[in-house]
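Residues per chain are reported as follows:
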Amino acid sequence: GGLSVAEERTVSAPVLKQYELFKRRFDAWLSDNARVHTLASAEVNIVDYLDVLLLRNANYGELEKSTAAVIFFTPGAARRHMPRVKRALNGCLKAKPPRSLLPLPDEVVFGLAGVLLSLGHMGAAPM
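Fair warning: this is a prediction, and the values are worked out from it, not measured in the lab.

## Quick look at the packing of aromatic side chains
The relation between two aromatic rings is expressed through the spacing of the ring centres and the mutual angle of the planes. Under the definition given, this model contains five aromatic pairs. Relative to Tyr-49, the ring of Phe-26 has its centre 5.2 Å away and its plane inclined at 80 degrees; by these criteria the two rings are edge-to-face. Placement of Phe-26 in helix α2 (residues 13-32) and of Tyr-49 in helix α3 (residues 42-55) is noted, with a sequence separation of 23 residues between them. According to the relative accessible area criterion, Phe-26 is buried, its value standing at 0%. Judged by relative accessible area, Tyr-49 falls into the buried class, the value being 5%. Here the aromatic rings of Phe-72 and Phe-73 are separated by 5.1 Å at their centres, their planes lie at 90 degrees, and the arrangement is edge-to-face. Classification of Phe-73 as partly exposed rests on a relative accessible area of 23%. Taken together, Tyr-19, Phe-72 and Phe-73 form an aromatic cluster joined through their ring pairs.

This is how it looks when you write it as structure tokens:
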């Protein structure tokens, strides 16, 4: 069982490559832990794997993409039919919120505005 050509085309080539990498990592974890992955065991396996990734300090993007990859390569699986996976991802999001850039201090913004104004870039200066 690999994917059909039509199934492969449901995601872009770069996403498919990324999914393949995350699925290989999941498969290695299954093997290391003597687990079998079927549609019936998918939800428990994914939730347990998310715990392992979270404890290894994985970022939320990796947690989400790992889940998407496993579901993508598990025929018949759908996140909407996996309430524990949804709950686990919500917990992961609270534990590991995506990082965002901190806002610039006002002094830096005003300094940049002054430089832009002095260079004659009136429209680009934040006000």
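## Here's the deal with the environment of Asp-51
Mapped onto the elements, Asp-51 comes out in helix α3. Judged by its relative accessible area of 41%, Asp-51 falls in the partly exposed class.

## Considerations on the nonpolar core
Counting residues in hydrophobic clusters, the biggest one holds 20 residues, and the most contacted among them are Phe-26, Ile-46, Leu-50, Leu-63, Met-82 and Val-85. Elements that contribute at least two residues to this core include exactly α2, α3, α4 (60-72) and α5 (83-95). Ranked by the residues each element gives to this core, the list is headed by α3, at six residues. Formed by six residues, the second largest nonpolar core is a distinct cluster that contains Val-11, Phe-22, Ala-68 and Ala-69.

## Describing the side chain of Lys-23
Structurally, Lys-23 is set in helix α2. Exposure remark for Lys-23: the relative accessible area of 14% places this residue in the buried category. Those residues within four positions of Lys-23 in sequence are excluded, and the remaining contacts are Ala-69, Val-70 and Phe-73.

## Considerations on the pattern of salt bridges
Counted under the stated rule, the structure contains three salt bridges. Here Lys-23 makes a salt bridge to Asp-27, at a shortest N to O gap of 2.7 Å. Of this pair, Lys-23 and Asp-27 both sit in helix α2, separated by four residues, roughly a single helical turn. Arg-25 serves as the salt-bridge partner of Glu-62, at 3.8 Å between the closest nitrogen and oxygen. Highlighted residues: Glu-62 in helix α4 and Arg-25 in helix α2, separated in sequence by 37 residues. A residue is classified by how much of its surface remains accessible, and Arg-25, at 39% relative accessible area, is partly exposed.

Quick notes on the rules
- Going along each chain's sequence as written, the residues are numbered from 1 onward.
- For this predicted model, a pLDDT threshold of at least 70 governs which residues receive local features, and a threshold of 80 or more governs which side-chain atom pairs are given and counted, while totals over whole chains, interfaces and linings are taken from all residues.
- Side-chain measures here rest on the full set of heavy atoms in the structure, leaving out hydrogens and waters.
- Each aromatic pair joins two rings of Phe, Tyr and Trp (for Trp, the six-membered one) with centres within 6.5 Å, and gets the label stacked for planes under 30 degrees apart, edge-to-face for over 60, and tilted for any other angle.
- Per the convention used, a helix needs a DSSP run of H or I reaching at least four residues, while a strand needs a run of E reaching at least two, with both numbered from the N terminus.
- Per-residue accessibility, obtained with a 1.4 Å probe over protein chains only, is compared with the maximum for each type, and a residue is labelled buried under 20%, exposed over 50%, and partly exposed between these values.
- Nonpolar cores are built from buried Ala, Val, Leu, Ile, Met, Phe, Trp, Tyr and Cys residues. Side-chain atoms within 4.5 Å join them into one set.
- The contact criterion used throughout is that any non-hydrogen atoms of two residues lie within 4.5 Å.
- Salt bridges, as used here, are contacts in which a Lys or Arg side-chain nitrogen is within 4 Å of a carboxyl oxygen on Asp or Glu.

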